[in-house]
Number of protein chains: 2
Amino acid sequence: MEFGDTGSTPKGAATRNEILRVAADVFARKGFEQTRMDDIIREVGLTKGAIYFHFSSKATLAQAVVDEQKARWLRRVQEEILSKNNPLVELRSLGEFMVRTVLSDSSAWGVVHLANQLASANEHPGASSPLAAWVDLVSGILQRGRASGVLTFPGDPGDAATVIVAAFDGLKSVTDALDPKDLDAFGRRATLLLQLLEQQFVSSQ
Amino acid sequence: MEFGDTGSTPKGAATRNEILRVAADVFARKGFEQTRMDDIIREVGLTKGAIYFHFSSKATLAQAVVDEQKARWLRRVQEEILSKNNPLVELRSLGEFMVRTVLSDSSAWGVVHLANQLASANEHPGASSPLAAWVDLVSGILQRGRASGVLTFPGDPGDAATVIVAAFDGLKSVTDALDPKDLDAFGRRATLLLQLLEQQFVSSQ
DNA sequence: TGACATACCTACTGGTCGGTTTGTAGTTTG
DNA sequence: CAAACTACAAACCGACCAGTAGGTATGTCA
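The structure displayed is predicted, hence computed values, not measured ones.

Overview of the overall build of chain A
Right, so step 1: Summing up its helical and strand segments, chain A has nine helices and zero strands in all.
Right, so step 2: Along chain A, from the amino end to the carboxyl end, the secondary structure elements read α-α-α-α-α-α-α-α-α.
Right, so step 3: By the burial criterion, 37% of the 205 residues in chain A qualify as buried.
Right, so step 4: Put simply, 59% of the contacts in chain A that link residues at least 6 apart link residues at least 24 apart.

Some thoughts on the interface of chain A and chain B
Reports often express the size of an interface as the amount of accessible area lost when the parts come together.
Right, so step 1: Tallying the contact residues gives 32 residues for chain A and 32 residues for chain B.
Right, so step 2: Every element with two or more residues in the side of chain A that touches chain B is listed here: α1 (10-34), α7 (130-148), α8 (157-178) and α9 (185-201) of chain A.
Right, so step 3: It is α8(A) that contributes the most residues to the side of chain A that touches chain B, 14 residues altogether.
Right, so step 4: A per-class count over the side of chain A that touches chain B returns 16 nonpolar, 11 polar and five charged.

Digging into the UniProt feature "DNA-binding region" (unreviewed entry) in chain A
Right, so step 1: The UniProt feature table records "DNA-binding region" (unreviewed entry) at residues 36-55 of chain A.
Right, so step 2: The straight-line gap between the two end C-alpha atoms of residues 36-55 of chain A is 15 Å; of that span, 75% is helix and 0% is strand.

Considerations on unusual backbone geometry
Residues and elements named next belong to chain A.
Right, so step 1: Here the phi dihedral of N85 falls at roughly 60°; this positive angle occurs in a residue that is not glycine.
Right, so step 2: Here N85 is to be found in the loop between α4 (58-80) and α5 (87-104).
Right, so step 3: Note on N85: 8 C-beta atoms within 10 Å, which makes it exposed.

Observations regarding helix α8 (residues 130-148) of chain B
An α-helix turns once every 3.6 residues. As a result, residues three or four positions apart point the same way.
Residue and element names in this part refer to chain B.
Right, so step 1: If you check α8, its first and last C-alpha atoms are 27 Å apart, about what 19 residues at 1.5 Å a residue would give, namely 27 Å.
Right, so step 2: Residues of α8 that are buried include every one of P130, L131, A132, W134, V135, V138, I141, L142 and G145, and no others.
Right, so step 3: Phi turns positive one or two residues past the end of α8, at G149, with a value near 85°.

Regarding the relation of the copies chain A and chain B
Right, so step 1: For the pair chain A and chain B, the superposition axis carries a translation of 0.0 Å, the fit reaches an RMSD of 0.1 Å, and the rotation angle comes to 180°. Such a combination of rotation and displacement between the chain copies is what one expects of a two-fold axis.
Right, so step 2: By residue overlap, the copies meet face to face through one surface: 100% of the interface positions of chain A are interface positions in chain B.

Quick notes on the nonpolar core
Right, so step 1: Ranked by size, the top nonpolar core spans 103 residues in total, and within it V65(A), V165(A), F27(B), V65(B) and V165(B) carry the most contacts.
Right, so step 2: Among all residues touching V165(A), those that are not within four sequence positions of it are L131(A), W134(A), V135(A), V138(A) and V174(B).

Some remarks on the environment of T47(A)
Residue and element names in this part refer to chain A.
Right, so step 1: Mapped onto the fold, T47 is located in the loop between α2 (37-44) and α3 (48-54).
Right, so step 2: Of the residues examined, T47 has 11 C-beta atoms within 10 Å and is grouped as exposed.
Right, so step 3: Counting along the chain gives 32 residues from T47 to E79, while the straight-line C-alpha distance between them is 38 Å.

Things to note about the packing of helix α4 (residues 58-80) of chain B against α8(B)
Residues and elements named next belong to chain B.
Right, so step 1: Look at α4 against α8: their axes get within 11 Å of each other, and the N-to-C directions meet at 15°. Our classification of the angle between α4 and α8 gives roughly parallel. In the crossing of α4 with α8, the sense of the turn from one axis to the other is right-handed. In contact with V66, K70, L74 and V77 of α4, α8 contributes P130, A133 and L137.
Right, so step 2: Tallied by class, residues from the contact of α4 with α8 come to six nonpolar, no polar and one charged.

Considerations on the environment of L61(A)
Residue and element names in this part refer to chain A.
Right, so step 1: Relative to the helices and strands, L61 resides in helix α4.
Right, so step 2: Between the alpha carbons of L61 and E90 there is a distance of 33 Å; along the sequence they are 29 residues apart.
Right, so step 3: Setting aside its immediate chain neighbours within four residues, L61 contacts A23 and F55.

With respect to the environment of R92(B)
All names here are of chain B.
Right, so step 1: Locating R92 in the fold gives a position in helix α5 (residues 87-104).
Right, so step 2: Given 17 C-beta atoms within a 10 Å radius, R92 is considered partly exposed.
Right, so step 3: A sequence separation of 110 residues divides R92 from V202, and the C-alpha atoms of the two residues are 9.9 Å apart.

As for the packing of helix α9 (residues 157-178) of chain B against helix α10 (residues 185-201) of chain B
Residues and elements named next belong to chain B.
Right, so step 1: Relative orientation of the contacting elements α9 and α10 amounts to 160°, with a least axis distance of 10 Å. By the angle class used here, α9 and α10 are roughly antiparallel. Where α9 crosses over α10, the handedness of that crossing is right-handed. Note on element contacts: α10 touches α9 through A185, F186, R189, A190, L193 and L197, opposite I164, A167, F168, L171, K172 and T175.
Right, so step 2: Grouping the constituent residues of the contact of α9 with α10 by class yields nine nonpolar, one polar and two charged.

Calculation notes
- Residues numbered from 1 in each chain as written.
- Chains lettered and ligands numbered in written order.
- Predicted model: local features only at pLDDT ≥ 70, side-chain atom pairs only at ≥ 80, totals over all residues.
- Helix = DSSP H or I, 4+ residues; strand = E, 2+ residues; numbered from the N terminus.
- Buried ≥ 20, exposed ≤ 12 C-beta atoms within 10 Å, placed from the backbone.
- Contact = placed C-beta atoms within 7 Å.
- Nonpolar A, V, L, I, M, F, W, Y, C, P; charged D, E, K, R; others polar.
- UniProt positions renumbered as here; feature names shortened; annotations may be inferred.
- Expected span 1.5 Å × (residues − 1).
- Least-squares fit on C-alpha atoms with pLDDT ≥ 70 in both.
- Core = buried A, V, L, I, M, F, W, Y, C linked by C-beta atoms within 7 Å.
- Axes fitted to C-alpha atoms, helices over the stretch in contact; angles between N-to-C directions.
- Parallel < 35°, antiparallel > 145°, perpendicular 65-115°, else oblique.
- Left-handed = near helix turned anticlockwise from the far one by under 90°.

This is the structure we're talking about:
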């Protein structure tokens, strides 16, 4: 049930990070249930004892992966995007950021779903879900954009934000499922989606 | 590996259908991996031997569920929607049909993903995926709509269709993940999405 | 009414997988 | 330098679960 289990020594901390790195990749590729602890163990080059010394359970390890990744990109988004102080620019940047992230780091978006998969077994309210964080982020931008008149959309900002994030999320998973070979497919379709949103949310003139 | 394992007798066929009915519900709720054969057995009120008499494996049962459901709604869509011979009406009807289906029959959309979950273990090309069928359906409508001038959109019809279907799919899964209690949430957001698509794809004038 | 298929049940097996226990090098600290 | 702690390794455990073995009951038809 504890979280920051160990890492008191430089060596221990390094190993812990290495485990997190590999675990993020495997979890993202295969999902929580389909990931075997032995998969991670094999790829890290350690043994069961080592992993369970640093993390008390499979769920704890996965949660640590989620928390670490979430903190990382929340910081990046904060620095690179929300600093613009311009909802229109922020929304565009965020869209491009999402697309770029999905395209470059294949494991990144997989981790976004880990928290939700954990919620089934664990009793996490889902509030810590990276997905919810994305929605909140977009929702905030939409609200400020509407207030300043540069963005228009019907209904609740939260709902609109959810639709936007969900569209991206669905595009990723559907493309993975239907055209796993077609490497450009996601990029093409995401661009299309961005165009669509641009014309829909940005106030003409 | 066989498909229509049994069902030679009226009684046998009835049991087989009952198993399919229950299995569809359980698979849709919990997904392929998380579903235990014992779950289905309990709800059907039979035993292991009975299920394995009618279906040779868990994967075979799931595949049968997918095939049966897919055939059913493909027929319905054919009759209720594609008979209109009007791309604009068809697209609107199809959108409403999807929303209505998701809202009324909670297990319906879950089954759509079963085939994809099977592809991991099994070696199904994924071509039989209901998701692919939906995309093809929309893609066809878009093509005919563009040809007759009532629909406009940039790029490949297949890509546009994928974006549309993916947006719905993502909306369903994201809403389930983030707001499982909020019953109207999906409806509200889906309506928003339909408006959005309306203004984007339907030629103004 | 005997032969054979259909339809179903009970009990078990074999493998998988998360987690535990125990041991033991190396490192730090008193 | 000895006790104590850190950071791992190796072997093992027990629960879970898909699938099987072998039986029984209920037709059906000649």
